Every structure is written in C-alpha cells, then in structure tokens.
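Chain by chain, the residues:
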Amino acid sequence: MIPQPVDYAAPRTVVEAVSVLAANQDARPLAGGQCLLAGLQTGDETAGVLVDLRRIPGLRGIRSTPDGGLEVGAMTTLYELATDPVVRSMVPALAEAAGAVGDPPIRNRATIGGNLAPSHGGTDLPAVALALDAHVRLAVPGGERDLSFAEYVLSERAPRVITAVSVPARAPHSRSAFEKLAQQAVTLPVTAVCVELTVQGNIVAARVARTGPNQLPVRLDQVEEALIGTDGDRATVLAAFADLPSEPFEGMSGYSAEYVRHVTGVLTSRAVRRIMSGEWAT
Amino acid sequence: MNGQSFGSAMTAKEDPALVRGAAQYVADVSLPHMAHMALLGSPHAHAIVKDVDTSAAEAMPGVLKVLTGAELADQMMPLPCIWIPGGVESHFPPHPYGVPGARPVLATDRVRHVGDPVAAVVAETRRQAHAALAAVKVDYQPLPVVTTAKEALAEGAPRLHDAVPDNLNAYWTCGDREATDAAIASADVVVELDLVNQRTINSPMEPRAAVGAYDQTTGEYTLWTTSQSPHNHRFLLAGLVLGIPFTKLRVISPTIGGSFGTKGYLYPDMPLVLYLARELGRPVKWVDTRAGLMTSTVQGRDQVQHVTLAGTRDGRITALRATSYANLGGYPSTIGPGVATALMGRSITGMYAIPAAFCEVYAAFTNTVPLGAQRGSGRAEAMFALERIVDTYARRIGRDPADVRRQNLVPADAFPYDNGLGWTYDSGDYRAALDLALDKAGYPSVDAEKAAARARGKRLGVGIGAYVAICGVGPSTRMSQEGMLGGTWESANVRMHPTGDVTVTIGSASTGQSHETTFAQIVVDELGVDAGAVEVLHSDTLKAPYGQGTYGSRSFSVGGPAVHQAVLKIKDKIVTMAAHMFGVAKSDVVFDAGKVYPRGDGDNVKSVQDMAMALWYGWNLPPGLEPALDETVHFDPPDFNYPFGAHVAFVEIDEETGELDVVRYVAVNDSGTIGNPLVVDGQIEGSILHGLGQVLMEAAVYDDQGHLTSSNLLTYALPKATDAPFFELFRTVTPTPHNSLGAKGAGEIATVPVAAAVANAVCDAVADLGVRHVDMPITAEKLWRILNREEAGA
C-alpha cells in the first residue's frame, strides 16, 4: 500500500497542539517520526491529522534542576541525549539507550518524547524511564499533568502531548547501565534492560526494568530483590530470571519466550557487572 | 591486453550522478497526461476467483479504468517461460513453449500465490489508483494451500494447475546414476546431510517500475522499465505476449537501482502498462512499493536437498549424489525452472575431481511467489551442499577439512576438465587459490586464537568455502541443449566520430555494475584516446545493438569481448587507411598510443583523430575501403567460463546468548582478467554481504496458509553495513581461453561460497558438541539451544 494523504498541522504552541488533538479524534502528534511514520507506511498506524510538534519553541534541551535532577525537553533528540555530558555522568543508562537506537540519521531525528510516547511500541527508552522513576509532563486540554512513567504507561490514550521528561536526583553511590539485544531487521530491541544499582560494598538497592515488542515495559521486582545484599554475581542474576514466568517475555516473532527471558538475564548480569566493576563503585 | 586504463582502478563515471541523486530511474519518468496504475494482489495463496466486481472502484475519484483478467483473456498471451529444464527440443514457436502453468498477465479463474495480480486500476494519480484497489470486490473461494516442494509432490496435495499432474514441473537429472550408486554402495565411508537452502527475497534498493506509452499515429509502443534485458524483453513482449510487430516496441531501461537477478524476468506490469496506454490513449505508469516487492518480484533459492558423499578412509572422495526439491512457486518464471535445475545440478562437484556424481531435481509448483534467480543462483545452492558435506566427511574421517579439499582438487594441468555433469571447466589453478586463502587466513594455526576466545566467553570457529561458479552465459547452441529458448550472445558497436570521440554501444544492460566505466576502459588503451573521449550507451533498444542483457555475471566476459573485437576492427581500418596515406604496407604501419606512423619514420605521424576525420571525409580511400569508423561485432562464446575461489570465515559465538559475529572474512576470487579492480571488488564485497544475509538472517517465511509473514523490511532482515566484517580480499588471475579478454564472470561469484564458509565455521565452533549441521538462517537462538545442550549435559 501507499499511505493516503493526511492533514497536517504545525502549531506554534503546546496549547494549540493539544486543541488540534482534542478536536480530531484521529489526530496524532508527530515528533521525530521514528515510530509513527514507519507505522503509517505499514498500515499498523493510522492518522487523520499529523500534529507536527517541531515548530513549537521550548521543547528541546537538557538542564539540571536545583534539586539535583534532570529535565529533558520532549523534543530533545536521541543524538543529543546520547552525547550530553550531564546525562552521561548522571544517568549513563539513558545515554546508552539513546545511543543504541537505530543509526545516526534516526538518532538525529528521533526524540525522547517520541520514543517514550508509544508506551508499548517496543522502543528502548521506556526501560530506562521506568527503572529511573522518570516522570513525564503532559500538556492536556486545559493545562498540564505530571505522571510517573509507570503511571503514564498504564494511562488511557487521550489528547495529550509529552512536553518534558524529568529524572529525579539519583541516590548517592548509584549508577545505571543499559543493555539490549537488537532485532536483526531493525535495531528495535528483542529485549532491552535498564539496571540501576546503589552500591555500598554490596548492592543495597536495585532498580531493573525491561522492555520488548508487544509488551508493556515492566519493573522486575523479583530480580531487584534477589540482587540486594549480593555482589551481583552472574549466577544470582540468572537464577532470579530462571524463576520468572516466561509469558512476559513472549511477543517477539521468531524468538521463544524462554530464550528472551534467558537473554534478558544475561543482559542484566552484564549491566550489573559493568556497574559493579566501575571505578566509581565504593 | 593491458595498458594505463584497462585493469586500473578508475572510479566509476556513473557514481557522481548516483550519489547526488541525479540519476534518472524509471520512477523519474514523467510524461504529459500520464495516468497511474495500481495492481490488486490476491490476499489468498490459493483460491478460485468466482467474480470480480469493478463497478464501485470505477466510481472512485479519478479512476479511469479497472482492468480484469476476463478482459485480457483474448488480448494477450501468458508470460512465457524460456528456460525449460531438460534440454528439450526447441519449441519455438509456438507459444507458450509447451510450458503448462504459464502465468496469465492477470488472473482469470484462479489465484496461486498471495499477491497474484487480479485487477489493475488506472487513475489520474497514484494515490487515487491505490485508494480504489479496496473498492474492487473479488469473490474468492479459498482452496487448500501447499507451500513446500516436497508437500506439493506428495499424494493428495492440492494441485495448482490442471495441466500439471502432481505439481511437477520437471524431474531433471545429470551425471551417472548407476556408477554413483555403485560407488556409494561399495565405499568405506558414506556421509549424508539433509539441507534446507531457504527461500530468500531479493531486495535491490530500487523496486521495479514500468511506464508504457503508445503513439496512435505511428502505432509505436515505448516501455520504460527496470529491466536487465531490454532486448530480450522487447522480443518476448512484442511477439509472444502482446502480439504486436517487433518494430513497434521500444524498450528503455534508464538507471537501474540494483537487481541481483530479479529484473531479468517478465512481469505482468510490463504488458499491462502498454495495453492500458493504448486503451486509454495516455501514458500509464506503475511503480512498485517496497512492501509490494515482497510478493510482486521473483524470490530466490528454496531448495531442500539430501546429499550423500562417499569416500575412502584416507580422504579420497569417490562419489557424490544429491537429490533436491526445488520450489518454483505458483508459476514458471521466465528462466526460473532452469536456474533451479541445471545451474544447480551440474555444479555440485565444485572444485573437486569426483569420479562418480549424480544429481536429480524435482521442480514443483507451490502457492508461493514464483522463483527466479538471486545472485549466485543455483551455484550457491550447489556449493552450500558440497562444501557442507566435504566438511562433514573430513570430520568423520578425522582429517583437516583443508587437507581433504587439497587432496581432491581438480589439478591445474587437467584443464579443460569435464566434470562429468555437463560442465567443461575452462581454466584454473584451484590449489593456488585455496592455498592463498588459507595462507592469508593463517590457517590452521588458530588453536591459540580459539583458546583466547574461549577465555572471553566466545567460541571461535573457522570455515572454508571453496567454489567454482559457471558464468558467461553463454554459447547459444549449448544453452539450447540446456532448454534455453533464445540466443545468449552479446553485441557491441564502436563508432569513432570525426572529432575522435568514441561512442561504444553495448547490448548488455547495466543494473549498477558500472558498465559505462569498465567498457570504456577496453577502448581507451586500444585507441590511445582519453577516457573522457569515450561514451558508453546501453539499455535502449532503439539505440543499442542487440544483446541479451546482464545476468549470470556475463556482461564483461561476453559483452566485453564484443567491444574488444569491434575496437580491433576499428584499429585495423585505421591502419588500412594509414597504409594507403603513407604509401606503405599495412604491416609497416605502427599504431601506438593514439598515433599511426610508417615504421622507421617517426616524423610522419597522424593521430587517430586525424585518421577518424580522414575516414569521415572519405576522400581518396583505398579501393574497397568503406568510409567512416563504425563497427559492430556479435560475440557468441565457444563455451562458458568458470571463475572460482576460496573463502575462509572466522566466526565468534557468544556462549551466553548464542549471538554470532563474523570476525574475519578472507576471500580469494579468480575472475580471470579484470577490467577494473575497484568495480570488481565492490561487486565482491556486495556479494559476500549477500551471502552473509542468507546464512545469518534472511528467510522468506510462509505460514501454512501461504501468507508471507516476513512481508516487509521490519520482519525480513537484510544485512546492514554494521553487519559487514572487514573484508580481506585477494585474487588469483587465470584468464579464460574462451574470449579475447581472458575475462570470467565476477558480479555474483563471491556470493556462492559464503553460506557454506560461515556454516562450516559455526560447525567448527561447536564441533565438540556433536553438531552435524545448523539450518540457515543461523540465528542466535538456534546457537544458544545448541550451546545449552552442552550445559545441560555437563
């Protein structure tokens, strides 16, 4: 098929964008187009109106907040995220995940907001957002809402635009890492995992989240619990995964849930190993 | 021949336009009042078409016409198949060559694969045409579906064509069955393998396209199309499909964005745009989509093989036997049945002198997209079987696979060598190529590397793939014996203009192989002119001399000699004229570096430009000499040529995840004389990547209802630049005696051994686990399951 014509709006303000979305049930916000344009080509996505967010000023940029957190404009590109020194030192998993998306042309267009917006779209960044307890600021009709990413994932699709993503200050002695197994055809993940550990001798706190195609991103509580009090050795991690049910790892055509679960465990153990072997770990 | 231009790594003349996006493709053709066609493909793999209701679609905005198979039934004939396995007597004419099951241009009563075209919609715009497809109401009665060759041949299988009992297009054999069976029965060692050479989808960057125009005042048709064979397509379309005078059809293939075999075939869109252009009185354009390509265009490989090798305990191969089930898809494509039989079967002994060999192929119709060529077609399937089983044999007898290969090579003094299966190898030094590859690879001292990899959690494996790949189709009479209905020679015209500029017009068509660069290089040194003075024209039947096109790595080794001989004729005529002007014998004229002069009289010099002008004026010509420099040569090679080589792949398998990296790839290829090493190396790198695609990721997957589940590039994995290893390329040069350049095929040959080399490397990496074979594509999960068995058993 070839895509049929769609209407196009290029609002100059967030309020205007939300009002176009609210007025047209089949309107879809367009950021970098990483997911939406591909979906329109295959027919997996439909849109009556594309609401292009790229002309709205103020949605792009990375800044530290006074409380030690990070705020990222939703239209910040993945290239910018991957190369930003503050992101790389504070939340390296976010930079790693952004840098693992697609290829340079895609990373130059794709945005953090767009990568997070399709909450079950099989993209990479939801694992990071969930593990790091990121929040998304949403423009909605009549105002703004702030949701944790965990809440966002479960919320109803509605007329709304992600305008910013915030990451709270990290606990002392914490560091994160991201790992993925990419699909062969495209670089979307078969499975992707984000791990953040707080380390004082052994692991005192762990945050582990996973995403993959056709699955909501999830925190892996059992794995987190298994890590606490250990030095994160490989056997501990793999044993924790072996205990998980395999169903949440289904959904990737051509791969068994059993394999995806195993690989997620391996990737988690590699992320843990990278964190534990880092010089900063004290 | 050699010189400053021929054999040098000139950058391709074509490239600036290509990289700037300035080249003109079929999709760029735009004509006044042009209308646009879209094709409605069947959603069913097998169904009776009970009724097609076009009325709603005809009422859609912009729609000009909705065409169905019923209207076409007495307007045009089915698409011919011109390569009929088994070397049948020429059936020419009548059409359709006695090939039952030939594809109608639009389905009439039945559809036989998903995407089988049922209707064509023409509208003012491309979007309108596509939008109206959904309004064409087709009443289908689904039929049982069969998608594999073996199942199609089984008793009680759904029959696709009333005229084809048991869905069997051809049972084809070569070699000596009795001697082979006897050798196997009496052998010390017999090894067997069951192999699946999976279906692949050719994916050139440019999908196919066609634009048809009709001039009512002259009755002339023009077809712009993505064709590897414009002349051949003109001949087949005019005479055999449309039934119009040959002289009234012009076929033009502008820049083609890759093909890999797919664009040498006749497709329904070609006659459709011509017919509709006449019916509507307007040019009609069709451009495929990327997703459309997945079911509109011939697919590759798809052979299920059982191969048996017999030998002595000390490494001497005594017999080879192969049975192959080839899946032709729903219809016989233009040359698909020949590709699946002869190109594969006669090639199965590769580099080895095997006393007894036999191959049989069952070619069957199934409810899948028709099969055609894919780069290295037939030969890649043969070499995968051969090189896998040679490794299996070596392991069985506890010998190094490299040594077993060396022991069985056709020796360098044995050429011409009759392989007993129908091919006579022209020339070669197989030992030199194999040894060079092994030497460059550092084989076999890889034990330390393997141990080091193991310490990193990786299993290192090394695999060899050696090959011979028949190319240069070909000697026309020999091809007729193979069942090819048509000549397979090439032609070239060389004109030297009064200015000294040269136009070379070739019959072969480029699909991206830099013809305009390499063919010019043949001329530049011979005439001693600047490269900038030579233009190369091709791919327009009104301008170019006849030729059969580019396929089977034939352009340079069949078309190149035609250019070479034409330019030698030009030179001879210049010398004849110069002898007359100088008043000396022809043998006393020196032709050197673009100048002629009487031997021993260096002051009396004429440039070739002077001579071109003199012959253009035509004043005071010697008796019998015609004016002007304009020579055409048709070249029909005396036999095929047989490039060869040896590749060594190094793979590392992650022990935790099964992920595989090709960490080194050493390739030695011998294409005889090379016209432009830069162009050839580009083809070699692309060919290797093509092979890596098949062995590691590509697979056209049909479900049991015949739906293609790998139907777009999100689900059909193609290798990317990041999947490419750093190639270590080397060559040996063994000219062929069969043409004046010494050139052999080059464009596809390096695809041929890749899958075997990588699969052999994988099996080497996991040899201690008792693994005999891993089916392609060799994915991480498959390898993980193999490695996991080790852990389970440990």
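## Overview of the overall build of chain A
No. 1: Tallying secondary structure elements over chain A gives 12 helices and 12 strands in all.
No. 2: For 282 residues, the compact-globule estimate of 2.2 N^0.38 gives 19 Å, and the C-alpha radius of gyration of chain A, at 19 Å, lies within 12% of that figure.
No. 3: The principal-axis extent of the C-alpha atoms belonging to chain A is close to 55 × 45 × 30 Å.
No. 4: Surface summary for chain A: the accessible area is close to 12,100 Å², and the carbon and sulfur share equals 51%.
No. 5: Across chain A, the 24 positively charged side chains and the 30 negatively charged ones have centroids separated by 5 Å.

## Observations regarding the sheet that holds strand 18 (residues 458-468) of chain B
All names here are of chain B.
No. 1: As summarised here, the arrangement of the 4 strands in space is 18-26-27-28, forming an open sheet in which the pairing is mixed. The sheet is open, and its two edges are formed by strand 18 and strand 28 (727-731), each paired on a single side. Between one strand and the next, the sheet's axes are offset by a mean angle of 10 degrees, whatever the strand orientation.
No. 2: Inspection of the sheet shows strand 27 (residues 660-670) paired to strand 28 by 5 bridges, in the parallel sense. Note that in strand 28 the partner of Val668 across the bridge is Phe730.

## A short note on the interface of chain A and chain B
No. 1: On the chain B side, the residues contacting the 23 residues of chain A number 24 residues.
No. 2: Carbon and sulfur atoms make up 52% of the surface buried where chain A meets chain B, a total of about 2,000 Å² over both sides.
No. 3: Where chain A meets chain B, there are 4 salt bridges.
No. 4: The salt bridge partner of Glu656(B) is Arg234(A), with a shortest N-O separation of 2.3 Å.
No. 5: On inspection of chain A and its partner chain B, the count reaches 12 residue pairs in polar contact (both at pLDDT 80 or more).
No. 6: Per element, the largest residue contribution to the side of chain A that touches chain B is 7 residues, and it comes from helix 12 (residues 257-276) of chain A.
No. 7: A breakdown of the residues in the side of chain A that touches chain B according to their chemical character gives 11 nonpolar, 9 polar and 3 charged.

## Concerning the sheet that holds strand 7 (residues 168-175) of chain B
All names here are of chain B.
No. 1: Ordered in space as 7-15-14-13-8, the 5 strands form an open sheet in which the pairing is mixed. Each end of this open sheet is capped by a strand with a single partner; those strands are strand 7 and strand 8 (189-200). In this sheet, adjacent strand axes meet at a mean angle of 10 degrees when their direction is disregarded.
No. 2: Alignment of strand 8 against strand 13 (residues 300-311), held across 11 bridges, turns out to be antiparallel. Following the sheet pairing, Val196 is matched in strand 13 by Val304.

## A short note on empty space enclosed by the protein
All names here are of chain A.
No. 1: Applying the stated criterion across every chain yields a total of 2 cavities of 30 Å³ or more.
No. 2: A volume near 50 Å³ is recorded for the largest cavity.
No. 3: Surrounding the largest cavity, Leu94, Ile112, Leu116, Leu125, Val128, Ala129, Leu132, Ala134, Val165 and Val167 form its lining.
No. 4: Within the residue set of the lining of the largest cavity, elements represented by two or more residues are helix 7 (112-116), helix 8 (125-131) and strand 8 (161-167).
No. 5: Broken down by element, the lining of the largest cavity gets its largest block of residues, 3 residues, from helix 8.

## Focus on a negative patch on the surface
No. 1: A contiguous patch of negative charge on the surface is contributed by Asp51(B), Asp53(B), Glu58(B) and Asp139(B).
No. 2: Topologically, Glu58(B) is positioned in helix 2 (residues 55-58).

## Some words on the confidence of the model for chain B
Residue and element names in this part refer to chain B.
No. 1: Confidence in the prediction for chain B averages 95 pLDDT; 97% of positions are at 70 or higher.
No. 2: With pLDDT under 50 throughout, residues 89-97 is counted as low confidence; its partners more than four residues away or in other chains account for 19 contacts.
No. 3: Scoring the predicted complex yields pTM 0.96 and, for the interface, ipTM 0.94.

## Overview of unusual backbone geometry
Residue and element names in this part refer to chain B.
No. 1: Look at the link from Phe415 to Pro416: it is a cis peptide, with omega at -5 degrees.
No. 2: Counting through the fold element by element, Pro416 comes out in the loop between helix 12 (401-408) and strand 16 (417-418).
No. 3: The omega torsion of the bond from Val473 to Gly474 falls at -20 degrees, within 30 degrees of zero and hence cis.
No. 4: Within the fold, Gly474 resides in the loop between strand 18 and helix 15 (476-481).
No. 5: For Asp166, which is not glycine, the phi dihedral falls at a positive 60 degrees.
No. 6: If you trace the backbone, Asp166 turns up in the loop between helix 5 (149-153) and strand 7.

## Considering the environment of Val121(B)
All names here are of chain B.
No. 1: Turning to its location among the elements, Val121 is positioned in strand 5 (residues 117-123).
No. 2: Residues Val121 and Leu67, 54 residues apart in the sequence, show an inter-C-alpha distance of 6.4 Å.
No. 3: What Val121 contacts, discounting residues up to four positions off in sequence, is His36, Met37, Ala38, Val63, Lys65, Val66, Ala129, Ala132, Leu133 and Val136.

## Some words on the packing of aromatic side chains
No. 1: Applying the stated criterion across every chain, the model contains 17 aromatic pairs over all chains.
No. 2: Judged by centre distance (5.7 Å) and plane angle (25 degrees), the ring pair of Phe149(A) and Tyr152(A) falls under stacked. You can see Phe149(A) and its partner Tyr152(A) sitting in helix 9 (residues 149-154), 3 residues apart, about one turn around the helix. Accessibility classification places Phe149(A) together with Tyr152(A) in one group, the buried group.
No. 3: Aromatic side chains Tyr325(B) and Tyr362(B) sit 5.1 Å apart centroid to centroid with 10 degrees between the ring planes, which places their arrangement in the stacked category. Remark: Tyr362(B) occurs in strand 15 (residues 356-365) and Tyr325(B) occurs in strand 14 (residues 317-329); sequence separation between them is 37 residues.
No. 4: An aromatic cluster is built from Phe415(B), Tyr417(B), Trp423(B), Tyr425(B), Tyr430(B), Phe640(B), Tyr642(B) and Phe644(B), whose rings are joined through pairwise contacts.

How each quantity is defined
Residues numbered from 1 in each chain as written. Chains lettered and ligands numbered in written order. Predicted model: local features only at pLDDT ≥ 70, side-chain atom pairs only at ≥ 80, totals over all residues. Heavy atoms only, no water. Helix = DSSP H or I, 4+ residues; strand = E, 2+ residues; numbered from the N terminus. Rg over C-alpha atoms; globule rule 2.2 N^0.38 Å. Areas by Shrake-Rupley, 256 points an atom, 1.4 Å probe, with all protein chains shown as cover. Lys, Arg positive; Asp, Glu negative; His and termini not counted. Charge placed at Lys NZ, Arg CZ, Asp CG, Glu CD. Pairing = 2+ DSSP bridges. Axes fitted to C-alpha atoms, helices over the stretch in contact; angles between N-to-C directions. Contact = heavy atoms within 4.5 Å. Buried area = accessible area lost by both parts, 1.4 Å probe. Salt bridge = Lys/Arg side-chain N within 4 Å of Asp/Glu carboxyl O. Polar contact = N/O pair within 3.5 Å; in protein donor to acceptor, adjacent residues only side chain to side chain. Nonpolar A, V, L, I, M, F, W, Y, C, P; charged D, E, K, R; others polar. 1 Å grid on protein atoms, 1.4 Å probe; cavity = no way out; pocket = protein on both sides within 12 Å on 5 of 7 lines; lining within 4 Å. Points joined across faces, edges and corners; volume = space filled by probe spheres on them. Patch = residues over 30% accessible without salt bridge, like charges linked within 9 Å, V, L, I, M, F, W, Y side chains within 5 Å. pLDDT = per-residue confidence, 0-100. Phe/Tyr/Trp six-rings, centres within 6.5 Å; stacked < 30°, edge-to-face > 60°. Buried < 20%, exposed > 50% of the residue type's maximum accessible area, 1.4 Å probe, protein only.

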